[in-house]
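Residue strings, one per chain:
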Amino acid sequence: MAGVVSEGGAPAFCYRVTKYDPADRDERGSYVGGEDVVSDHGVVEAAYLAAVGAFARTAG
């Protein structure tokens, strides 16, 4: 489904790629859990970027 947008022109979908549990986020979406926030650097961060690339290719 390339180029899917809402009537207002905004993207119809939003993706969040993260290893952190959504239950560990506050009402603004900020991470408040106990895991070190730099623990996703390196190999895990590269996997996030690969996922974003896949989402972009799918979206066209």
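Residues numbered from 1 in each chain as written. Predicted model: local features only at pLDDT ≥ 70, side-chain atom pairs only at ≥ 80, totals over all residues. Heavy atoms only, no water.

Peer 1: Just to check I follow, could you spell out the environment of Val-52 for this structure?
Peer 2: Inspection of the secondary structure assignment puts Val-52 in helix H1 (residues 43–59). Accessibility expressed as a relative area gives 46% for Val-52, which makes it partly exposed. Spatially, the C-alpha atoms of Val-52 and Arg-16 are 9.2 Å apart, while their sequence positions differ by 36 residues. (Helix = DSSP H or I, 4+ residues; strand = E, 2+ residues; numbered from the N terminus. Buried < 20%, exposed > 50% of the residue type's maximum accessible area, 1.4 Å probe, protein only.)

Peer 1: Mind showing me how you'd approach the environment of Phe-55 here?
Peer 2: Within the secondary structure, Phe-55 is located in helix H1. For the pair formed by Phe-55 and Tyr-15, sequence separation is 40 residues and the distance between their alpha carbons is 8.4 Å. Sequence-distant contacts of Phe-55, that is, excluding residues within four places in its chain, are made with Tyr-15 and Val-17. (Contact = heavy atoms within 4.5 Å.)

Peer 1: I tried to follow the side chain of Arg-25 on my own but got confused; where do I start?
Peer 2: With respect to the helices, strands and loops of the structure, Arg-25 is situated in the segment before H1. Looking at Arg-25, its side chain comes within polar contact range of the main-chain oxygen of Gly-29, at 2.8 Å. Residues within four places of Arg-25 in sequence aside, it is in contact with Arg-16, Thr-18, Tyr-20, Ser-30, Tyr-31 and Val-32. (Polar contact = N/O pair within 3.5 Å; in protein donor to acceptor, adjacent residues only side chain to side chain.)

Peer 1: Would you explain the pattern of salt bridges in this entry?
Peer 2: For the structure shown, the criterion picks out 2 salt bridges. A salt bridge links Asp-26 to Arg-28; its shortest N-O distance comes to 3.2 Å. Within the structure, one salt-bridge network assembled from shared partners comprises Asp-26, Glu-27 and Arg-28. (Salt bridge = Lys/Arg side-chain N within 4 Å of Asp/Glu carboxyl O.)

Peer 1: It is not clear to me how the packing of aromatic side chains should be interpreted in this structure. Could you clarify?
Peer 2: Two aromatic rings, taken as a pair, are described by how far apart their centres are and by the angle between their planes. Across all of its chains, the model carries 1 aromatic pair by this definition. When the centroid spacing of 4.3 Å and the interplanar angle of 35° are considered together, the rings of Tyr-20 and Tyr-31 count as tilted. Pair noted here: Tyr-20 is in the segment before H1 and Tyr-31 is in the segment before H1, with a separation of 11 residues, a long-range link. Its relative accessible area of 10% is what places Tyr-20 among the buried residues. Take Tyr-31: its relative accessible area is 19%, and that puts it in the buried class. (Phe/Tyr/Trp six-rings, centres within 6.5 Å; stacked < 30°, edge-to-face > 60°.)

Everything listed is a geometric property; what it means functionally is a separate question.
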